[in-house]
Amino acid sequence: MSNKAIYNLAVGLTLRDLQEQRHIKRESLAKALEISDLAVTRIENGSERMTAGEMILLIESLGLSWNDFLDRVKGNLEQAKAEMA
């Protein structure tokens, strides 16, 4: 299991958490990130990586700070490791 794959999944889990916590429809999130609904799902399950541009769009559209986003990702690392084991 690679660290890169674990971080990709942790980012996806963070995306899913933010969507649930803020009651954001998948279609709205996809539109804000300029990607398809399917791409959102693939990012959430770790099968597709979020690009830097998509990450910036997410952070800006949700009014997050970079540090808040990183803290959320770090908080999902253990779950990502467990899911990849």
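Residues numbered from 1 in each chain as written. Predicted model: local features only at pLDDT ≥ 70, side-chain atom pairs only at ≥ 80, totals over all residues. Heavy atoms only, no water.

(A) Seen up close, the side chain of Thr-14. Here Thr-14 is to be found in helix H1 (residues 3-21). Discounting chain neighbours no more than four positions away, the residues touching Thr-14 are Phe-69, Arg-72, Val-73 and Asn-76. (Helix = DSSP H or I, 4+ residues; strand = E, 2+ residues; numbered from the N terminus. Contact = heavy atoms within 4.5 Å.)

(B) Highlighting unusual backbone geometry. The phi dihedral of His-23 is positive, around 55 degrees, even though this residue is not glycine. Of note, His-23 is situated in the loop between H1 and helix H2 (26-33). Judged by relative accessible area, His-23 falls into the exposed class, the value being 72%. (Buried < 20%, exposed > 50% of the residue type's maximum accessible area, 1.4 Å probe, protein only.)

(C) Structural context of the packing of H2 against helix H4 (residues 52-62). Between H2 and H4, the shortest axis-to-axis distance is 8 Å and the interhelical angle comes to 120 degrees. Comparing their axes, H4 and H2 come out oblique. Contacts between H2 and H4 involve Leu-29, Ala-32 and Leu-33 from the former and Glu-54, Leu-57, Leu-58 and Ser-61 from the latter. Classifying every residue of the contact of H2 with H4 by side-chain character gives five nonpolar, one polar and one charged. (Axes fitted to C-alpha atoms, helices over the stretch in contact; angles between N-to-C directions. Parallel < 35°, antiparallel > 145°, perpendicular 65-115°, else oblique. Nonpolar A, V, L, I, M, F, W, Y, C, P; charged D, E, K, R; others polar.)

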